[in-house]
Structure formats: C-alpha cells, structure tokens
Amino acid sequence: MKQFQWFPGHMTKALKEIQDKIKVIDIVLELVDSRAPLASENPELQKIIANKPRIRILTKKDLANDKLSDEWKKYFEQNGIPTLCLDLNNNSLSVINDLARKLLKDKFEKEQNKGLKSRAVRYLIAGIPNVGKSTLINRLCKKKVTIAENRPGVTKAQQWIKINKQMELLDTPGVLWPNFEDKRVGVKLALIGTIKSSILPMDILFSELVEFLNKNYKGLLSRYYDIEDINIVDEKSIEKIIVAIGIKRGYLLGEGKVDETRVITTIIKDFQNGKLGRISLERVGE
Ligand SMILES: Nc1nc2c(ncn2[C@@H]2O[C@H](COP(=O)(O)OP(=O)(O)OP(=O)(O)O)[C@@H](O)[C@H]2O)c(=O)[nH]1
Ligand SMILES: [Mg+2]
C-alpha cells in the first residue's frame, strides 16, 4: 500500500529524543487508545522503555466498550504492564500519581535512605498522534501558569513543568509514529481518528467499518439510521446501505442521486465520535 510510506528518519528522530530523555525521568506514561490498544501502540517504544517503570494508559475509555477495556487491562497486567483505563476529560487523574508512587516505592525509599530529599515523580508522556497527550498535560496543569525549569547537567537542558510537589512533566511529550506495516492497523487507526482518514480511500475505510459492524454489532446501522435491515453479502449490499441512509437523511445531489461521500463521511464521523455507541475495534486474543 503506497499510502503507508513513512519516513524512517522521522521515526528515528522521535525515538532518539525519547531515548535522550529517558535517563532523567522516573516513569513513562504510555498512552494508547482504548478502542484499539494494540494498533495504537508503538513497538519501537517498547524496546526503549523496556527497563523503565511505565504505566500504560488506555485513553478515551468513554468511547470504548467497558467490558473489552477491562479485558485489555487484565491482559496487559498479566504481561507485567501496569495499566489504567481513563476518560481523560472527566476522570480523576490522581490515580496516575498514586500508582506511580507505588511502582517507584523502592527507588524513592533508597534515595531517602541515602539522605536525599523527597521529591516529585518525573514523568514522560509518550504516544502516537491523537491519543490524548496534550489533553492529559493540560488537565494536569489545570491551565495554571506552569513554571518551567532548566535542569542542566544532562545531555540537553530539559524543560520541566511542575504540576505540584508530587509531579513533574517533561515539557514535550514524545510523539511517536504508528506502525503501519499491517494494513489492518492503518484501517483501525484511521477509524479511531489517529491518522487522517484521507490517507486511505474513504470507500475502503467505510467497507471495513461496515463489515466490522456487521460481524460484531449486527443491525446497529439499520437501527441507528432507521433504515431497513440490509444483509451484508458483498459490495452491492454496502452500496444499498449508503443509498438507503442517503435517502433517509436527504443527502442528495439532485435528480434523486445520493451524495455518497457525504453519507460515508457522516457514518465514519458518527463512529469516531461515539454516536454509534461505545465500540472497540480490538479484543484480547483475536
Ligand atoms: N472522548 C474522549 N476524547 C478524548 C480523550 N482524551 C483526548 N480526547 C480528545 O482526543 C483529541 C486528541 O487529543 P490530544 O490531547 O490533542 O491528543 P495528542 O496525543 O496530544 O495528539 P497530537 O498532539 O496530535 O500528538 C482531542 O479532541 C481530545 O479532546 C478521552 O479520554 N475521551
Ligand atoms: Mg498534542
């Protein structure tokens, strides 16, 4: 797939930056999207932070299926990755620092035994685009003026944002490239809005969505858009759905022709915004 060519240079640069930063931080907050926790992770990051304490945050919990998110949390924790599922806009975020303190207990106790003062936990937030890095940072900072501090003595002077006595953040989150080697990953990322849908032909994206919904949420489209139930057997049935919804909504181009692009973009948007329900694209073990 031509559309999925990325520049390895970008990838290396972002990872290199994280590698430089990692020495001075205590713990990595690795953000992934609850609706596709595997597709939205970055395998390269796993290697770099292999020996660092980390918390994986499954963001946008409010858009995902709760039962499946719980299963993901259990699965990751069985694999040794402490995990939190959060709606970053609404949930209390104190759980993050509570869990981090617990994970860093030994390190901080050792420091204090050496006579060092108690200090804030130093965090790095990392994740692919659109998973909620800025939202998390802004919530933590509570729009207060942030005091940035230079910390010389490391390779590059780092800017720190002091949240409070408990937390400090590196000022720039580690923005990572998603992994597109697998076409299905690209489709999932486009469907959850991580990459611009325009990177993939809309009709391909749409038929992938319809097929997924048909398999896992039978009847959902016909119920939501109030059209007759159409059994998906081939491309023609997908076309029928588009026409039926277009007519129902009055998305017409004239001469009774349905504005198919408008129908498709509407449905994809409705999915992305959670209007079709709380739907996860990945389940454990699949
Ligand atoms: N429903 C919901 N929306 C969220 C949540 N977290 C973030 N968002 C939304 O997702 C979109 C992207 O969030 P950002 O915080 O900008 O994501 P980012 O990781 O900083 O993205 P880049 O800067 O592109 O790397 C915004 O519209 C947020 O409001 C969440 O937990 N639930
Ligand atoms: Mg951002």
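Right above here is the structure, for reference.
The structure displayed is predicted, hence computed values, not measured ones. (Residues numbered from 1 in each chain as written. Chains lettered and ligands numbered in written order. Predicted model: local features only at pLDDT ≥ 70, side-chain atom pairs only at ≥ 80, totals over all residues. Heavy atoms only, no water.)

Caption draft 1: Representation of the layout of surface pockets in the model. There is about 500 Å³ of room inside the largest pocket. Lining the largest pocket are 20 residues, with Arg184, Lys188, Phe212, Leu281 and Glu286 positioned closest to its centre. In the lining of the largest pocket, the residues fall into nine nonpolar, two polar and nine charged. Among the domains, domain 1 (2-175) and domain 2 (201-272) are the pair contributing at least three residues each to the lining of the largest pocket. (1 Å grid on protein atoms, 1.4 Å probe; cavity = no way out; pocket = protein on both sides within 12 Å on 5 of 7 lines; lining within 4 Å. Points joined across faces, edges and corners; volume = space filled by probe spheres on them. Nonpolar A, V, L, I, M, F, W, Y, C, P; charged D, E, K, R; others polar. Domains from an automatic or database assignment.)

Caption draft 2: Representation of the packing of helix α8 (residues 202-216) against helix α11 (residues 260-272) in the model. Close contact between α8 and α11 brings their axes to 10 Å; oriented N to C, the two are set at 50°. Taken as axis vectors, α8 and α11 run oblique relative to one another. For the pair α8 and α11, the crossing hand works out as left-handed. Of the residues in α11, those in contact with Met202, Leu205, Phe206 and Leu209 of α8 are Ile264, Thr265, Ile267, Ile268 and Phe271. Its residues assigned to classes, the contact of α8 with α11 shows eight nonpolar, one polar and no charged. (Axes fitted to C-alpha atoms, helices over the stretch in contact; angles between N-to-C directions. Helix = DSSP H or I, 4+ residues; strand = E, 2+ residues; numbered from the N terminus. Parallel < 35°, antiparallel > 145°, perpendicular 65-115°, else oblique. Left-handed = near helix turned anticlockwise from the far one by under 90°. Contact = heavy atoms within 4.5 Å.)

Caption draft 3: Expanded view of the packing of aromatic side chains. Tallied over the full model, the rule gives five aromatic pairs. Consider the rings of Trp72 and Phe76, whose centres lie 5.5 Å apart with planes at 25°: the pair is stacked. Linking Trp72 with Phe76, this pair stays in helix α3 (residues 66-78), spanning four residues, or about one helical turn. Of the two residues examined, Trp72 and Phe76, each falls in the buried class. (Phe/Tyr/Trp six-rings, centres within 6.5 Å; stacked < 30°, edge-to-face > 60°. Buried < 20%, exposed > 50% of the residue type's maximum accessible area, 1.4 Å probe, protein only.)

So, to be careful, I would describe these as geometric facts and stop short of saying anything about function.
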